[in-house]
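Each chain is listed here by its residues.
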Amino acid sequence: MIWNESIECIDRDALKTIQSIRLKKIVEHIYHNTPFYRKKMQELGITPDDIESIDDIIKLPFTNKSDLRDNYPFGLCAVPMSQIVRVHASSGTTGKPTVVGYTRKDLSSWTECLARAFTSYGASNADVFQISYGYGLFTGGLGAHQGAEKIGASVIPMSSGNTEKQITLMHDFGSTVLCCTPSYALYLADVIKDSGLNINDLKLKVGVFGAEPWTENMRKEIEEKLGIKAFDIYGLSEIAGPGVGYECECQDGTHLNEDHFFPEIINPETNRPVESGEIGELVFTHLTKEGMPLLRYRTKDLTKLNYAKCKCGRTLVRMDRILGRCDDMLIIRGVNVFPTQIESVILELEEFEPHYLLIVDRKNNTDTMELQVEVREQFYSDEMKQMLILKKKLTARLQSVLGLGVDVKLVEPRTIERSTGKAKRVIDNRKL
Ligand code: DLL
């Protein structure tokens, strides 16, 4: 099903015209209302008159997360506070939070993006949405909430945590759509199993998962355990929140809402656009945002784009799964390693649970990696020999995929700490 066919299936030349008109307008707005950007543009020797079409985007300055922090809290707002009706923030790992402000129109555009997403997952007013993303400054809870209301669904604003209650209400209220992080979905599945509840007693049919990288294997695992169809939803607070991108029934990439957020892929080292179809850093420019529009915001997310028309009929560009973040990439003894590669290996092997913790350290000037991973109940044994066979199998597979030796530590099922939001899977002690 398609929410807004006139945009989601638009002819790409017509889309380019819309994007060009919108870019010109937004650059004008930003230049006159955000001193930070006016200064940046003046330094580059450009004015809004230099922007004729969307192709001129490469003339514009980049924006980094640090620019938001330096202008904390509302320095990048392009409208007076009287027009800001909602504030969200992301805490990140260091320093002050990054704050974003939305006008009423911004909330409405964002909600439209979520309505497109939920409709493409097959959801409608017949559904009961259990929103188990955190409510509050995080965009996940309220974002998904407003989208679900828009399509007329019945919304249960659960927020994250309180797992027992999540399951009770999921059962009693007959939730059909679950919105949460993929790692929390797996945890919920385990707790449901432990509770003795039969998965067939639940009405769940669709999962809306995002806010952290996940793999195809993890999708399979969640689908099997919860008996649902699992869809990807992508977003980041600085740009909108969930709904910047969404999967369709073909699940062959995540469509980006390009009429609101213009995507580019650049080489993070040279800052130049990559060749078409190559992997690089995803960069977004707001085309419609009033409250806090950003130019060429560097997401640090690594992916590639596919402009071919999708079998579902949508023409909106498709983004590959997020491979990782430029700042998540570990360099171990000179080799680039992404936590998602490790996750893929673990999930390929039926003996392991998708719960792991990677501990990186430096001993005698050499980088070391210890991977703690849970063995599935039915494969866990007190017999040393059995466990050694398993350990050898995983170590060999990791060596062949990563080209690196990993010190594998098998642990009992349910021993690695679970998260109700974004999972923390890597501890890098080298930075301490
Ligand atoms: O995580 C917004 C969101 C909420 C998206 C709920 C989806 C569902 P932030 O906290 O600002 O916003 O984190 C944004 O999370 O740059 C990616 O690195 C990562 N991320 C978000 N969605 C996905 C996804 C929200 N589907 C950062 N796949 C982004 C992989 C994702 N990574």
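Read on for an overview of the structure.

Conventions we followed
Residues numbered from 1 in each chain as written. Predicted model: local features only at pLDDT ≥ 70, side-chain atom pairs only at ≥ 80, totals over all residues. Heavy atoms only, no water. Core = buried A, V, L, I, M, F, W, Y, C linked by side-chain atoms within 4.5 Å. Buried < 20%, exposed > 50% of the residue type's maximum accessible area, 1.4 Å probe, protein only. Helix = DSSP H or I, 4+ residues; strand = E, 2+ residues; numbered from the N terminus. Contact = heavy atoms within 4.5 Å. Near = heavy atom within 4 Å. Polar contact = N/O pair within 3.5 Å; in protein donor to acceptor, adjacent residues only side chain to side chain. Areas by Shrake-Rupley, 256 points an atom, 1.4 Å probe, with all protein chains shown as cover. Pairing = 2+ DSSP bridges. Patch = residues over 30% accessible without salt bridge, like charges linked within 9 Å, V, L, I, M, F, W, Y side chains within 5 Å. Salt bridge = Lys/Arg side-chain N within 4 Å of Asp/Glu carboxyl O. Expected span 1.5 Å × (residues − 1). Arc of directions from axis to C-beta.

**Some thoughts on the nonpolar core**
In this structure, Leu 23, Leu 60, Phe 118, Tyr 121, Phe 129, Tyr 234 and Phe 284 are the most contacted members of the largest nonpolar core, which totals 68 residues. It is helix 5 (residues 104-120) that provides the largest number of residues to this core, a total of seven residues. Leaving out residues up to four positions away in the same chain, Leu 23 has contacts with Ile 51, Ser 53, Ile 54, Ile 57, Leu 60, Thr 285 and Leu 287. In terms of nonpolar packing, the next biggest core, distinct from the first, is built from 24 residues, Leu 358, Met 387, Leu 398 and Val 408 among them.

**A word on the site of the ligand**
The environment of the ligand is formed by 20 residues, the closest being Asp 232, Ile 233, Ser 237, Asp 301 and Lys 422. Contact between the ligand and Asp 232: a nitrogen atom at 2.7 Å from a side-chain N or O atom of the residue. In the environment of the ligand, an oxygen atom lies 3.3 Å from a nitrogen or oxygen atom belonging to the side chain of Arg 325. Protein burial of the ligand: of its 600 Å² of free accessible surface, 93% is covered by the chains.

**A word on the sheet that holds strand 8 (residues 241-247)**
If you trace the nine strands from one edge of the open sheet to the other, you get 4-3-5-6-7-8-9-14-13, paired in mixed fashion. If you trace the sheet from one side to the other, it starts and ends with strand 4 (154-156) and strand 13 (305-306), each paired once. One ladder, built from three bridges, connects strand 8 with strand 9 (residues 254-256); its direction is antiparallel. Looking across to strand 9, one finds that Glu 247 is bridged to Thr 254.

**Digging into the environment of Gln 341**
Locating Gln 341 in the fold gives a position in helix 10 (residues 339-348). Residue Gln 341 is classed as partly exposed on the basis of its relative accessible area of 25%. With 78 residues separating them along the chain, Gln 341 and Ser 419 place their C-alpha atoms 20 Å apart. Once you skip the residues sitting within four places of it in the chain, Gln 341 turns out to touch Asn 336 and Leu 402.

**Some details on a nonpolar patch on the surface**
On the surface, a nonpolar cluster with roughly 220 Å² of combined accessible area is contributed by Phe 74, Met 81 and Val 87. Relative to the elements of secondary structure, Phe 74 occurs in the loop between helix 4 (65-70) and strand 1 (86-90). A residue is classified by how much of its surface remains accessible, and Phe 74, at 31% relative accessible area, is partly exposed.

**Description of helix 2 (residues 12-33)**
Helical geometry: 3.6 residues make up each α-helical turn, so side chains three or four residues apart lie on a common side. Compared with an ideal rise of 1.5 Å per residue, which puts 22 residues at 32 Å, helix 2 spans 31 Å between its outermost C-alpha atoms and is within 8% of the ideal. Three or more residues of helix 2 are buried, namely Leu 15, Gln 19, Ser 20, Leu 23, Ile 26, Val 27, Ile 30 and Tyr 31. Each buried residue of helix 2 sits inside an arc of 150° when the element is viewed along its axis, so together they form one side. Those residues of helix 2 that are exposed and aimed more than 90 degrees away from the buried face are Ile 21 and Lys 25. Looking at the buried positions of helix 2, the neighbouring elements they touch are helix 3 (35-43), strand 10 (261-266) and strand 11 (280-286). For helix 2, the N-terminal cap is Asp 11; the gap from its side-chain oxygen to the backbone nitrogen of Asp 13 is 3.1 Å.

**Brief notes about the environment of Thr 181**
Within the secondary structure, Thr 181 sits in the loop between strand 5 (177-180) and helix 8 (182-194). Once the C-alpha coordinates of Thr 181 and Pro 157 are considered, the two residues, 24 residues apart in sequence, prove to be 15 Å apart. For Thr 181, the residues in contact, after removing those within four places along its chain, are Tyr 133, Phe 209, Gly 210, Ala 211, Glu 212, Thr 420, Gly 421 and Lys 422. Within the local environment of Thr 181, its side chain forms a polar contact with the backbone oxygen of Gly 421, the two atoms lying 2.8 Å apart.

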